Amino acid sequence: MKRAFAGKMHQTPRATWGAARRSEDLALFQSYSGTCPTVENCTPVTRFLLLGLTEQARLKGILFVPFLFVYLVTLTGNLAMITLIHTDPQLHTPMYFFLNVLSFIDSSFSTVNTPRLLESFLTSGQSIFFAGCVVQMALMTLNGTAKCLLLATMAYDRFAAICHPLLYHTIMSQSLCVQLVAATYTASAAISALLTGYIFKLPYCGPNIINHYFCDLPTVLQLACADTAEVEFIIFSSSATIILFTITIILVSYAYMLVTICRMHSLKAQSKALSTCASHLTVICLFYGTITFTYTQPRSPSSMEQNKVVSVFYTVVIPMLDPLIYSLRNKDVKAALKRR
């Protein structure tokens, strides 16, 4: 009997410790999975905490200056491109009209998230109001979708210029260009409202730590206190549809252009036609490569960390490269710069 009593006395601290450890494990699981035992017992989230690109203090100090430089170059390059196109009459063509819109999208894309990224390098953690997170996600989705649709529109513009040069200005009239841009933004706004609405109609009542430097679709969705399978499917199918739809337009346009170029008898004409497409193809490969990797792969803890790094390219680096690509590889832009 003494042994039994001693055994119970010996097991009690261990049992207590085990219960406490299980409680800690449950709390840790909730913090990473974004689930809550009962939604009714949880307090609705009013703020989110953005962890930023990295949590290493030393690395933050190193990254601040180069990212600030990239942001300043992005704004300067895109605003300079917009100003040049507006002020030079010889650049008042459909191609440069779309390039003007692309520069505006790149400036907006970078401005929505880069200032917060820079601020995160100077602080240990950055909070954002629930409504602010909604607005940021909506704007990021709007700009990303608009850029996909605009790149497809620019591919059609190049198709009309190369395959139907005599009818180019008739086909790509000013009214059609305006209508295409208006349709691009209308469709992008609708898709942005749809995806953002689906995500934020879910309850957020527990963890509020976002492992990213902006309110991205998949990272915020992980914090929802409900089953997210349906919303994840909607995001995946919407992203895949947009990418496949725009890629199909681009591929078909370039297939017709390639056939037309091969039929040209003059090497000079072929070279000129290819040079007009080189900048656009470069931008397409850079942008579509990163967004396809980010939004169409299965979710996992390791993929989320990779997505943070890849997101830097399409939200920070590529908006800086776009005006440089078009200015360095474009004779009309070089000539316009010399005329100033």
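Quick notes on the rules
- Counting restarts for each chain: residues are numbered from 1 in the order of the written sequence.
- For this predicted model, a pLDDT threshold of at least 70 governs which residues receive local features, and a threshold of 80 or more governs which side-chain atom pairs are given and counted, while totals over whole chains, interfaces and linings are taken from all residues.
- Side-chain metrics in this entry use all non-hydrogen atoms of the structure; hydrogen atoms and water are not considered.
- Put simply, a salt bridge is a Lys or Arg side-chain nitrogen that is within 4 Å of an Asp or Glu carboxyl oxygen.
- By the criteria applied, helices consist of DSSP H or I runs no shorter than four residues and strands consist of E runs no shorter than two, each listed in order from the N terminus.
- Each residue gets one of three labels from its accessible area relative to the maximum for its type: buried under 20%, exposed over 50%, partly exposed in between, using a 1.4 Å probe on protein chains only.
- Counting of polar contacts relies on pairs of N or O atoms within 3.5 Å, with two restrictions inside protein: one atom must be capable of donating a hydrogen and the other of accepting it, and residues adjacent in sequence are counted only when both atoms are side-chain atoms.
- The contact criterion used is simple: two residues touch if any of their non-hydrogen atoms lie within 4.5 Å.
- One requirement defines pairing of two strands: DSSP has to find at least two bridges between them.
- UniProt positions are given in the numbering used here, feature names are shortened, and annotations may be inferred rather than shown by experiment.
- Like charges are joined within 9 Å and nonpolar side chains (Val, Leu, Ile, Met, Phe, Trp, Tyr) within 5 Å, but only among residues with over 30% relative accessible area and no salt bridge; these make up the patches.
- A 1.4 Å probe and the Shrake-Rupley method give the accessible areas. Residues count as covered only by the protein chains that appear here.
- In this tally Asp and Glu are treated as negative and Lys and Arg as positive; neither His nor the chain ends contributes.
- In this description, the location of a charge corresponds to atom NZ of lysine, CZ of arginine, CG of aspartate or CD of glutamate.
- For every residue, the predictor states its confidence as a pLDDT score lying anywhere from 0 to 100.
- Fitting a line to C-alpha atoms yields each axis, with helices limited to the stretch in contact; the angle taken between N-to-C directions then spans 0 to 180 degrees.
- Remark: nonpolar core denotes a set of buried residues (Ala, Val, Leu, Ile, Met, Phe, Trp, Tyr, Cys) joined through side-chain atoms within 4.5 Å.
- Each helix crossing is assigned a hand: it is left-handed if the near helix lies turned anticlockwise from the far helix by less than a right angle, otherwise right-handed if that turn is clockwise.
- Each residue gets one label: Ala, Val, Leu, Ile, Met, Phe, Trp, Tyr, Cys and Pro are nonpolar, Asp, Glu, Lys and Arg are charged, and the others, such as Gly, are polar.
- Two cysteine sulfur atoms make up a disulfide if the distance between them is within 2.5 Å.

## Structural notes on the pattern of salt bridges
Moving on, step 1. One pass over the full model with this rule turns up 3 salt bridges.
Moving on, step 2. For Asp-106, the salt bridge is made with Lys-147, and the minimal N-O distance between the two is 2.8 Å. One end of the pair, Asp-106, is in helix α3 (residues 94-122); the other, Lys-147, is in helix α4 (residues 130-163), with 41 residues separating them in the sequence. By the burial criterion, Asp-106 is buried, and Lys-147 matches it.

## Notes on the side chain of Thr-290
Moving on, step 1. Structurally, the position occupied by Thr-290 is in helix α9 (residues 267-295).
Moving on, step 2. For Thr-290, a relative accessible area of 13% puts it in the buried group.
Moving on, step 3. A distance of 2.8 Å separates a polar atom in the side chain of Thr-290 from the backbone oxygen of Phe-287.
Moving on, step 4. What Thr-290 contacts, discounting residues up to four positions off in sequence, is Val-310, Phe-313, Tyr-314 and Ile-318.

## With respect to the pairing of strand β2 (residues 126-129)
Moving on, step 1. What you see with β2 is a clean split: Gln-126 and Ile-128 sit on the buried side and Ser-127 and Phe-129 on the side with no burial.
Moving on, step 2. As paired strands, strand β1 (residues 47-50) and β2 are joined by 4 bridges and run antiparallel to one another. Bridging across to β2, Phe-48 finds its partner in Ile-128.

## Quick notes on the UniProt feature "transmembrane region" (unreviewed entry) in the protein
Moving on, step 1. Summarizing the sequence annotation, UniProt attributes the feature "transmembrane region" (unreviewed entry) to residues 62-85, 121-143, 180-200, 233-261, 273-291 and 311-329 in the numbering used throughout.
Moving on, step 2. Segment residues 273-291 splits into 100% helix and 0% strand. End C-alpha atoms: 28 Å apart.

## Observations concerning a positive patch on the surface
Moving on, step 1. Side chains of Lys-268, Lys-272, Arg-329, Lys-331, Lys-334 and Lys-338 sit close together on the surface and give a patch of like positive charge.
Moving on, step 2. Listed by contribution, the elements that provide at least two residues to the positive patch are α9 and α11 (331-339).
Moving on, step 3. If you tally residues by element for the positive patch, the top one is α11, at 3 residues.
Moving on, step 4. Tracing the backbone shows Lys-334 in helix α11.
Moving on, step 5. With a relative accessible area of 40%, Lys-334 lands in the partly exposed category.

## Quick notes on the confidence of the model for the protein
Moving on, step 1. Of the residues in the protein, 84% have a pLDDT of 70 or more, and the chain-wide mean is 83.
Moving on, step 2. Across the protein, the secondary-structure element scoring lowest on mean pLDDT is helix α1 (residues 2-33), at 39, and the one scoring highest is helix α6 (residues 174-200), at 96.
Moving on, step 3. Counting contacts from residues 1-35, a segment whose pLDDT is below 50, to residues more than four positions away or on other chains yields 14 contacts.

## Examining the sheet that holds β1
Moving on, step 1. An order of β2-β1-β3 is seen for the 3 strands of this open sheet, with the pairing classed as mixed. Of all the strands in the sheet, just β2 and β3 (209-210) have a single pairing partner and so form its edges.
Moving on, step 2. Where β1 lies against β3, 2 bridges are found, and the strand directions are parallel. Counterpart to Leu-49 in the pairing with β3 is Ile-209.
Moving on, step 3. Helix-sheet contacts for α4 involve β1, β2 and β3, and the interaxial angle to β2 is about 85°.

## Brief notes about the nonpolar core
Moving on, step 1. In this structure, Leu-53, Phe-67, Phe-287 and Tyr-288 are the most contacted members of the largest nonpolar core, which totals 62 residues.
Moving on, step 2. Elements with a minimum of two residues in this core: α2 (57-87), α3, α4, α6, α8 (229-263), α9, α10 (301-328) and α11.
Moving on, step 3. With 13 residues, α4 is the single largest residue contributor to this core.
Moving on, step 4. If you look at the next biggest cluster of nonpolar residues, it comprises 21 residues, including Val-45, Ile-128, Phe-200 and Cys-215.

## A few points about the packing of α4 against α6
Moving on, step 1. Axis separation between α4 and α6 bottoms out at 8 Å; the angle between their running directions is 145°. Once α4 is placed against α6, the crossing between them reads as right-handed. Between α4 and α6, the residues in contact are Phe-130, Cys-133, Val-134, Met-137, Ala-138, Thr-141, Leu-142, Thr-145, Ala-146, Leu-149, Leu-150 and Thr-153 and Leu-180, Thr-184, Tyr-185, Ala-187, Ser-188, Ala-189, Ile-191, Ser-192, Leu-195, Thr-196, Ile-199 and Phe-200, respectively.
Moving on, step 2. Here the contact of α4 with α6 is built from residues that sort into 17 nonpolar, 7 polar and no charged.

## Focus: the state of the cysteines
Moving on, step 1. Taken as a whole and judged by the stated rule, the model has 1 disulfide.
Moving on, step 2. Disulfide pairing is shown between Cys-133 and Cys-215; the S-S distance is 2.1 Å. In this structure, the disulfide formed by Cys-133 and Cys-215 twists by about -125° around the S-S bond and is classed as left-handed. Linking Cys-133 in helix α4 with Cys-215 in the loop between β3 and α7 (217-221), this pair joins segments that are 82 residues apart in sequence.
Moving on, step 3. Accessibility expressed as a relative area gives 1% for Cys-215, which makes it buried.
Moving on, step 4. Residue Cys-163 stays outside any disulfide, its sulfur separated by 9.0 Å from that of Cys-277, the closest cysteine.

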